[in-house]
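Reading the structure
One letter stands for each residue in the lines below.
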Amino acid sequence: AQRVTQPEKLLSVFKGAPVELKCNYSYSGSPELFWYVQYSRQRLQLLLRHISRESIKGFTADLNKGETSFHLKKPFAQEEDSAMYYCALRDNTDKLIFGTGTRLQVFP
Amino acid sequence: EAGVAQSPRYKIIEKRQSVAFWCNPISGHATLYWYQQILGQGPKLLIQFQNNGVVDDSQLPKDRFSAERLKGVDSTLKIQPAKLEDSAVYLCASSLVRGLYNEQFFGPGTRLTVL
């Protein structure tokens, strides 16, 4: 079964601390994975995708096929990073399968 | 900026009533998606259109939900009759292309409360 698992509902850190939001997936084919973010009172938006292999707002994510993971990392969290983060997998029908999301709180 | 528009933003109805949501995608986007997001969960795809044709409606509860995109632009999603478990945020998204470089752009959502 195709599934995306985000084990943490809430992650709280202080400003300047490293952040890692966990994402594991289950998919029989070649996965295409994304991180979406929703800031307070804003709409859901794409943060990054694994095929781009880029850093957005200091965040990076590496696809680990052996561990079926796509964890989102940032070395130094900022208060403006506080938001809801969703990991998503695109299947071969173009459908996005989302995880349940992790709320990141960055305290000053 | 011109993004995906949805209306209404909020709707409260009683169970067994009907309700309709409207979505206007980004101009030129051929693909349109409706997602249901129940509190505490991630969005779940209900239906996907390519122009005015249905690509995937496998997770749409067809006994009560219906959707259309008659002219390949705007879309409406209807629930008739509503149940308590339909309380959720209904998100519309659109994308320019399908496939590898597909980026879905989301609307603000319609929050439905069924009493």
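Residues numbered from 1 in each chain as written. Chains lettered and ligands numbered in written order. Predicted model: local features only at pLDDT ≥ 70, side-chain atom pairs only at ≥ 80, totals over all residues. Heavy atoms only, no water.

Along its length, chain B carries zero helices and 11 strands. When the helices and strands of chain B are placed in sequence order, the string is β-β-β-β-β-β-β-β-β-β-β. In terms of overall dimensions, chain B is globule-like: its C-alpha atoms have a radius of gyration of 13 Å, near the 13 Å expected for 115 residues. For chain B, the spread of C-alpha atoms along the three principal axes comes to 40 × 30 × 25 Å. For chain B, the proportion of its 115 residues judged to be buried stands at 44%. Taking the intrachain contacts of chain B between residues at least 6 apart in sequence as the baseline, contacts between residues at least 24 apart amount to 53%. Charge separation in chain B, taken as the distance between the mean sites of 13 positive and 10 negative side-chain charges, equals 4 Å. (Helix = DSSP H or I, 4+ residues; strand = E, 2+ residues; numbered from the N terminus. Rg over C-alpha atoms; globule rule 2.2 N^0.38 Å. Buried < 20%, exposed > 50% of the residue type's maximum accessible area, 1.4 Å probe, protein only. Contact = heavy atoms within 4.5 Å. Lys, Arg positive; Asp, Glu negative; His and termini not counted. Charge placed at Lys NZ, Arg CZ, Asp CG, Glu CD.)

Once that is clear, we can look at the environment of Ser-12 of chain A. All names here are of chain A. Structurally, Ser-12 is set in strand S2 (residues 10-14). A relative accessible area of 39% means that Ser-12 is categorised as partly exposed. Note: C-alpha distance between Ser-12 and Leu-104 (92 residues apart in sequence) is 5.9 Å. Dropping the residues within four chain positions of it, Ser-12 is found in contact with Gln-105 and Phe-107. A distance of 3.2 Å separates a polar atom in the side chain of Ser-12 from a polar atom in the side chain of Gln-105. (Polar contact = N/O pair within 3.5 Å; in protein donor to acceptor, adjacent residues only side chain to side chain.)

Sheet strands associate in pairs through backbone hydrogen bonding, adopting either a parallel or an antiparallel arrangement. All names here are of chain B. Spatial strand order, S1-S3-S8-S7: four strands in an open sheet with antiparallel pairing. With partners counted over all chains shown, the strands left at the sheet margins are strand S1 (5-7) and strand S7 (65-68), one partner each. Across this sheet, the average inter-strand angle for adjacent strands is 15°, counted without regard to direction. (Pairing = 2+ DSSP bridges. Axes fitted to C-alpha atoms, helices over the stretch in contact; angles between N-to-C directions.)

In the structure shown here, the tally under the stated rule is two disulfides over all chains. Note that Cys-23 of chain A is cross-linked by a disulfide to Cys-87 of chain A, the S-S spacing being 2.0 Å. The S-S bond linking Cys-23 of chain A to Cys-87 of chain A shows a torsion near -65°; that makes this disulfide left-handed. Residue Cys-23 of chain A is found in the loop between strand S3 (19-21) and strand S4 (24-26), and its partner Cys-87 of chain A is found in strand S9 (residues 83-90); the two are separated by 64 residues along the sequence. Here the two residues Cys-23 of chain A and Cys-87 of chain A agree in accessibility, since each one is buried. Through a disulfide, Cys-23 of chain B is tied to Cys-92 of chain B; the S-S separation comes to 1.9 Å. Measuring the twist about the S-S bond at about -70°, one finds the Cys-23 of chain B-Cys-92 of chain B disulfide to be left-handed. Residue Cys-23 of chain B is found in strand S3 (residues 19-24), and its partner Cys-92 of chain B is found in strand S9 (residues 88-95); the two are separated by 69 residues along the sequence. For the residue pair Cys-23 of chain B and Cys-92 of chain B, the accessibility class agrees, reading buried in each case. (Disulfide = S-S within 2.5 Å.)

Across soluble globular proteins, nonpolar side chains have a tendency to be buried as a group. Of all hydrophobic cores here, the largest spans 26 residues; its most connected members are Trp-35, Leu-72 and Tyr-85 of chain A. Those elements that place two or more of their residues in this core are S2, S3, strand S5 (32-38), strand S6 (45-49), S9 and strand S11 (102-107) of chain A. Among the elements that make up this core, the one with the highest residue count is S9 of chain A (four residues). Setting aside anything within four residues of it in sequence, one finds Tyr-85 of chain A in contact with Gln-6, Leu-21, Trp-35, Tyr-36, Val-37, Leu-47, Phe-59, Leu-72, Gly-101, Thr-102 and Leu-104 of chain A. If you look at the next biggest cluster of nonpolar residues, it comprises 21 residues, including Val-19, Ile-26, Phe-65 and Leu-112 of chain B. (Core = buried A, V, L, I, M, F, W, Y, C linked by side-chain atoms within 4.5 Å.)

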